[in-house]
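# Commentary on secondary and tertiary structure
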Amino acid sequence: MQSIEEQFIDLRRRYLELRFGALNEVQRRAVFKTEGPLLILAGAGSGKTTVLVNRIANLILFGHAYHAKQVGAGLAAEDVHELEKCLREQTAPSPQLAARLPVEPVRPWNIMAITFTNKAAGELKSRLASLLGQQVGGDVNASTFHSACVRILRRDAEKMGFPKSFTIYDTDDQQRVLKELYKNMNIDDKFLPVRAAASAIGRLKDRMIPPSEAAETALDARSQLVAQVYAAYAKRCRESGAMDFDDLIYYTVRLLREQNEVRSYYQNRFQYILVDEYQDTSVAQFQLVSLLCGPGQNVCVVGDDDQSIYRFRGATIENILSFELHFPGAEVIRLEQNYRSTGNILDAANCVIRNNEGRKGKTLWTDAGRGEKVRYYYADSELDEAAHIAQVIEENLEQGARLSDHVVLYRMNAQSSPVENYFTRAGIPHKIVGGLRFNDRKEIRDLHAYMSIVSSPQDDLRLRRVINEPARKIGNTTVDKIAEIAAGLEVPMLEVIKGAENYPALSRAAKALKGFYALYLRLVEAEEELPLEEFAAQVPEITGYTDMLLALGEEGATRLENIGQFVSNVKTYVDMNGEEASLEGYLEEIALISDIDSYDESADRVTLMTLHSAKGLEFPYVFIVGLEESIFPSEMSRFAPEDVEEERRLCYVGLTRAKKQLYLSSAATRLLYGQTRRNQPSRFLEEIDEELMEKESSPSLQAARMHRFSPFGSEGGGQRQNGYLDRNYNAAPAKRGNSRSAGMEARFASSLSSAKGPVKKVEGGSFLPGDRVKHKVFGEGVVEKVTPVGGDHLIEIEFEKVGRKKTMANYAPLEKMGVDG
DNA sequence: ATCGATAAGATCGAC
DNA sequence: TCTTATCGAT
């Protein structure tokens, strides 16, 4: 016979299992393991965030009640009966009973959840808020590595020899500093390109190697030079009171390592640490995590070694592979059930990833059914590839899918243009993620630089950036002279500018410099007197930036719009932060925020992005384009097997984004960087089992084969290994048979004569104003205007539902309708 | 100081 | 192909 304590413990477990009943058994095991180190190997689509959020909720609501052997004092038989009743009738426990369930619950502010992106941190916060309420959820620390470090450093940066108000250099600032150092040190950037130096220095900091050690361990001339540049760069940053992104981590680790009181403060503060995307952490980030988690070692990391795709920027997959070595006694839980994709998609992904050597090993499964086969299209050219995608999307739309259900993924941003152009001409609404980011645009950076010098007048780097932008007759020679004088006097450059007339070397430019200083004073005054958003609106006015762009006319129009956007961004910031809003706060925020965070999923558009940016997202229909050797896997990975493995993981990430249908494609010829290349289909295609795929090749390639000249064989003597092609494509086209593809093939066939021309040959002139037409995306409408444009026709159509749109006749999915429509 | 021409270089890219 | 950096001429 069990004691009431034992009965209660049993029932408490059952209650908790019911409470977290939406999770599967393995997920629940991860939630209830509250103490000690835990590695959750979470496969793609296995409900990783759900586990993270529920684990935090369990810590706060119930502590370690699940595994605990203790019950509170004064347990009565009634409590046992009531709990039994709750379980039987599935009702909520009374407040008294509920108070009895937790065992040492954790206070929310003792939990620290660390992510890589603001978006992930935001998602975590909002899901915690909806599970625990705004108040409790908000008390949990959920932030990115970098913002967590900024917060720590804002308290104690002085202990590391930096002002508390240190500025944050982004990648661009960093390169400017390096370029300047190159000049001073007489370094030829042919031998060591600035980008390479920046990256090498970053990798050293990722491994917590200080300049002195870098110099000692440098074996070849190049690493010695890197070490020299690194030392000079670190010195310069310290003098300017600035840290770059890598420094934020580096100095936080050193602070925690070297200052015992600081370390114990945070170890006491953060008793439970959770880290997301652990496969992307660097050595420095690993050290940060281990320093933060004190003797309790309550650290839970979530990651997937198969999705590690950031080796090139310092992530070390060893962190996840050796977790159990770093944290002895760690438990490992594998989440292998996938809730996202169909069986065929998952199997294809498994096929690819199993070719990698260094992995923990994990096989995703689903009970969602086989689904459609993966479809592969072997295109004639990159245009044919784009046309095929447009075609498939139109078909899917007819089946009731939405534009936003589709995503096109590519290896590099440069590949987006053919798809983008085709979509634009066909009138398929789309959105490109990534590429040039809003805050990276020149005009925005310039305005930010002006705001920076108001906030910190010693920021010489940003001063240099804008001192002659717009042109104020202050040239490079003058700026260099100022820098020289400033360095000699050990004052900021602005101080020298203030008293320009006192220095003979500056006599010629003194007037211009006085003018600039007056402008600076006007900015300072505006900042003091106006609310932040009005100050921001004044910056382009006071500095003459607006006038400069107006003078440019047409050319400056988009940049003016960007400035308008900038002002509203500042306003948004003020609205979001209310009383807390400050110039410094705004500058810090933009330094730490990227615009992929503002990726708007609600708009009904097809998304175009790189495979890298797709990590963490999912779409019903996924197109992966350019599956060609030297594109994907990329040319750079050719000789290093580890690099090919990383490409393969990237492929795995891409494949596992698809929920319903996966479309792969490659092109026989591709125009890239102005050159037409012929690439073999990617090895990753070969790795997918035949029976999981349905293959189709461009009609032109079929025709070529029929006439016994293979697409590659007849080409200028180059002996190609086309074994893969022969093996895979012979039987392919026939399979597609008589279905809807007949019309499509006819249309594609017509494109063959002009390899680069539009794919659908419709007589542009056959549309006339007044014609009723039907567009696959926009519905029905009436042609308003037809203008011949370089061999095609621009048609303006007034649609019934979406209003007036412009499309190109040969690209748009347009049909002429009967006379009465 | 600034314009225009010419040459070089070009992955993926959180914070 | 297209952008960005640097150089040389005005």
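Definitions and limits used
Residues numbered from 1 in each chain as written. Chains lettered and ligands numbered in written order. Predicted model: local features only at pLDDT ≥ 70, side-chain atom pairs only at ≥ 80, totals over all residues. Heavy atoms only, no water. Salt bridge = Lys/Arg side-chain N within 4 Å of Asp/Glu carboxyl O. Helix = DSSP H or I, 4+ residues; strand = E, 2+ residues; numbered from the N terminus. Buried < 20%, exposed > 50% of the residue type's maximum accessible area, 1.4 Å probe, protein only. Expected span 1.5 Å × (residues − 1). Arc of directions from axis to C-beta. Contact = heavy atoms within 4.5 Å.

### Some words on the pattern of salt bridges
Counting across every chain of the model gives 52 salt bridges. When the shortest N-O distance is used, the salt bridge between Asp 206 and Arg 203 registers 2.9 Å. Taken together, the residues span about one helical turn, with Asp 206 and Arg 203 both in helix 10 (residues 194-206) at a distance of three residues. Residue classification places Asp 206 among the buried residues on the basis of a relative accessible area of 9%. On the basis of relative accessible area, Arg 203 is assigned to the partly exposed category, the value being 22%. A single network of salt bridges, built from pairs that share partners, joins Asp 170, Asp 172, Asp 173, Arg 176, Asp 440, Lys 442, Arg 445, Asp 446, Asp 459, Arg 462, Arg 465 and Glu 469.

### Details of helix 28 (residues 557-577)
Compared with the 30 Å implied by 1.5 Å per residue over 21 residues, the 31 Å span of helix 28 between its first and last C-alpha is a close match. Of all the positions in helix 28, only Asn 562, Ile 563, Phe 566, Val 570, Tyr 573 and Val 574 are classed as buried. Burial along helix 28 is one-sided: seen end-on, the buried residues are contained in an arc of 130°. Turned more than 90 degrees away from the buried face of helix 28 sit Glu 561, Asp 575 and Met 576, all of them exposed. Structurally, helix 28 contributes buried residues whose contacts are with helix 21 (442-455), helix 26 (532-542), helix 27 (545-552) and helix 29 (583-592).

### Some thoughts on unusual backbone geometry
Between Glu 469 and Pro 470 the backbone carries a cis peptide bond, its omega angle lying at 0°. Between Phe 632 and Pro 633 the backbone carries a cis peptide bond, its omega angle lying at 5°. Mapped onto the elements of the fold, Pro 633 is located in the loop between strand 13 (619-624) and helix 30 (641-655). Even without glycine at this site, Lys 473 takes up a positive phi of about 65°. Residue Lys 473 is classed as exposed on the basis of its relative accessible area, which comes to 77%. Although it is not a glycine, Ser 630 adopts a positive phi angle of roughly 80°.

All we've got here are geometric facts, nothing functional implied.
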